[in-house]
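# Report on the structure
Residue-level listing of the chains:
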Amino acid sequence: MKAELPEKARAGIAGFLESPVVGMAPWIVFSLLVGPGRFELAVGLALGVTVVLIAAGRLVHPGSSWKLLEVADLVFFAGLTVVGALADDGTRRWLETYAGEVSNIALTLIAFGSMAVRMPFTLQYAREQVDPAHWHTREFLRTNYAITGVWGLAFLVAAIAGAYGDLVLHNPDNIWTGWIIQILAIVAALKFTSWYPEVVRARSLRARGLPGPEPPGPAGLLLPLAGLLVPVGIAVMIFDDGLWWLGLALIVGGGLLTKALRGASVTDG
């Protein structure tokens, strides 16, 4: 007899898998981990995450069609695994240095390319959460174009930051270009993915004269980024002694900005 997941567990997993962020998880893992001496670890974890997510998706939705990001995840990281296994020392060093930028550029092209063919990659995830009657509405399509575009910009910023660290600073592990800028770009895209649909829904209800919440203000979008300034400041003070003053300023400024944005967020709500 074929084992089946309990309905509650299936619903929980389905809700998790229906976010476009899930499809980008392997790329985020890879781009943040890859570096000198870490190529095998980064590509192995990214491929493992890909396989687990695809298997979970088929378990929850048997017979469901493949998504663009699923195909891209599997082809890209399986290909990198094969190339890494067969590569000579020179190629392996090149991959350890530049594979992060290659992956960020690839995902940037996927994001903007999907928009160019009028099929933003987030549509396939959003349609699993929305009634088919809304699939072709202006608000629904505009929301997915915006979210896909923000993710494309986030990975473009990460690619530029990584390339600057590798090609100009000659330091793949530079705390700013290799970590802080890339993490802030991804966190901004993550928050926008959850914040913007709420704004669109609230505005749509108001436009139709229906009761509903106030559209969320920018404070809710900026709050997570402000909260990150404190740990970023601590990291700068620990790992970049020459800029200890900047680390201190980020800690103080992050604390004050977080407090101000929390108050503004409560007012918006």
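From a predicted model like this one, the values you see are computed outputs, not experimental measurements.

Parameters at a glance
Note that residues are indexed from 1 along each chain, following the sequence as it is written. For this predicted model, a pLDDT threshold of at least 70 governs which residues receive local features, and a threshold of 80 or more governs which side-chain atom pairs are given and counted, while totals over whole chains, interfaces and linings are taken from all residues. The side-chain quantities take in all heavy atoms of the structure and omit both hydrogens and water. Numbering of helices and strands starts at the N terminus; helices are DSSP runs of H or I of at least 4 residues and strands are runs of E of at least 2. To get the radius of gyration, use the C-alpha atoms; to get the globule rule, take the number of residues to the power 0.38 and multiply by 2.2 Å. Relative accessibility decides the category of a residue: with a 1.4 Å probe and only protein chains considered, values under 20% of the type maximum give buried, values over 50% give exposed, and everything between is partly exposed. Every residue pair with non-hydrogen atoms within 4.5 Å of one another is taken to be in contact. All accessible-area figures derive from a Shrake-Rupley calculation using a 1.4 Å probe, and residue coverage is judged against the displayed protein chains alone. The sign given to each residue is positive for Lys and Arg and negative for Asp and Glu; His and the chain ends receive no count. Where a charge lies is defined by one atom per residue type: Lys uses NZ, Arg uses CZ, Asp uses CG and Glu uses CD. Orientation is described by axes fitted as lines to C-alpha atoms, over the contacting stretch for helices, and by angles from 0 to 180 degrees between their N-to-C directions. For classification purposes, an angle smaller than 35 degrees is called roughly parallel, one larger than 145 roughly antiparallel, one from 65 to 115 roughly perpendicular, and anything else oblique. Each helix crossing is assigned a hand: it is left-handed if the near helix lies turned anticlockwise from the far helix by less than a right angle, otherwise right-handed if that turn is clockwise. In this classification, Asp, Glu, Lys and Arg are treated as charged, Ala, Val, Leu, Ile, Met, Phe, Trp, Tyr, Cys and Pro as nonpolar, and every other residue, Gly included, as polar. By definition here, a salt bridge exists when the distance from a side-chain nitrogen of Lys or Arg to a carboxyl oxygen of Asp or Glu is within 4 Å. Every residue is assigned a pLDDT by the predictor, reflecting its confidence on a scale from 0 to 100. One less than the residue count of a helix, multiplied by 1.5 Å, gives the span that helix is expected to have. Side-chain rings of Phe, Tyr and Trp, where Trp is taken by its six-membered ring, are said to pair if the distance between their centres is within 6.5 Å; with planes under 30 degrees apart they count as stacked, over 60 as edge-to-face, and otherwise as tilted. Each cavity reported here is a set of points on a 1 Å grid over the protein atoms alone in which a 1.4 Å probe fits but cannot get out, each pocket an open set with protein on both sides within 12 Å along at least five of seven lines, and each lining residue one with an atom within 4 Å of a point. Grid points are joined across faces, edges and corners, and a volume is the space filled by probe spheres set on the points.

## Digging into the overall build of the protein chain
Counting its regular elements, the protein chain contains 10 helices and 0 strands. Helices and strands in the protein chain line up, N terminus first, as α-α-α-α-α-α-α-α-α-α. Against the compact-globule benchmark of 18 Å for 269 residues, the protein chain has a radius of gyration of 21 Å, which places it among compact chains. For the protein chain, the residues scored as buried account for 39% of the 269 residues in total. When contacts within the protein chain are restricted to residue pairs at least 6 apart in sequence, long-range pairs at least 24 apart make up 69% of them. Here the protein chain displays about 14,300 Å² of accessible surface, and carbon together with sulfur accounts for 70% of that area. If you average the places of the 19 positive and of the 20 negative side-chain charges in the protein chain, the two averages end up 10 Å apart.

## Regarding the packing of helix H4 (residues 68-86) against helix H5 (residues 89-116)
Running from amino to carboxyl end, H4 crosses H5 at an angle of 165°, the nearest separation of the two axes being 12 Å. It follows from the interaxial angle that H4 and H5 lie roughly antiparallel. The handedness of the crossing between H4 and H5 is right-handed. Seen from H4, the contacting residues are Leu-68, Leu-69, Ala-72, Phe-76, Leu-80, Val-83, Gly-84 and Ala-85; seen from H5, they are Arg-92, Leu-95, Val-102, Ser-103, Ala-106, Leu-107, Ile-110 and Ser-114. Of the residues in the contact of H4 with H5, the class split is 12 nonpolar, 3 polar and 1 charged.

## Quick notes on unusual backbone geometry
Negative phi values dominate among residues other than glycine, just as trans dominates among peptide bonds. One non-glycine residue, Arg-118, lies in positive phi territory at about 65°. In this structure, Arg-118 sits in the loop between H5 and helix H6 (123-126). Among the residues examined, Arg-118 registers a relative accessible area of 69% and is labelled exposed.

## Description of the pattern of salt bridges
When the charged atoms of two side chains with opposite charge come close together, those side chains can pair. Throughout the structure, instances matching the rule amount to 4 salt bridges. Across the salt bridge formed by Asp-173 and Arg-38, the nearest N and O atoms sit 3.1 Å from each other. Residue Asp-173 is found in the loop between helix H7 (138-168) and helix H8 (175-207), and its partner Arg-38 is found in the loop between helix H2 (20-33) and helix H3 (39-60); the two are separated by 135 residues along the sequence. The class for Asp-173 is partly exposed, based on a relative accessible area of 36%.

## Some details on the confidence of the model for the protein chain
Keep in mind that low pLDDT regions are not for reading the predicted coordinates in detail. Of the residues in the protein chain, 91% reach a pLDDT of 70 or more, and the chain-wide mean stands at 86. Per-residue pLDDT, averaged within each element of the protein chain, yields its smallest value for helix H1 (residues 7-17) (55) and its largest for H7 (94).

## Notes on H7
The terminal C-alpha atoms of H7 lie 44 Å apart, and with 31 residues this matches the ideal 45 Å at 1.5 Å per residue to within 8%. Positive backbone phi, at 55°, marks His-170, one or two positions downstream of H7.

## A closer look at the packing of aromatic side chains
As enumerated under the stated definition, the model contains 10 aromatic pairs in all. An angle of 45° between the planes, with centres 5.4 Å apart, marks the rings of Trp-94 and Tyr-98 as tilted. With a gap of 4 residues between them, Trp-94 and Tyr-98 both fall in helix H5, about one helical turn apart. By relative accessible area, Trp-94 is classed as partly exposed at 45%. The exposure class assigned to Tyr-98 is partly exposed, which follows from its relative accessible area of 24%.

## Brief notes about the layout of surface pockets
For the largest pocket, the calculated volume is near 570 Å³. Taken together, 21 residues form the lining of the largest pocket, with Val-130, Phe-140, Thr-143, Pro-197 and Arg-201 sitting closest to its centre. Taken together, the elements giving at least two residues each to the lining of the largest pocket come down to H7 and H8. A per-element tally of the lining of the largest pocket places H8 first, with 7 residues. When the residues that make up the lining of the largest pocket are grouped by side-chain class, the tally is 8 nonpolar, 10 polar and 3 charged. Around the second largest pocket, the lining residues are Ile-175, Trp-179, Ile-180, Ile-183, Leu-184, Leu-228, Pro-231, Val-232, Ala-235 and Phe-239.

## Some points on the environment of Trp-245
By secondary structure assignment, the location of Trp-245 is in helix H10 (residues 244-268). Considering only alpha carbons, one finds Trp-245 and Leu-41, 204 residues apart in sequence, at a separation of 35 Å.

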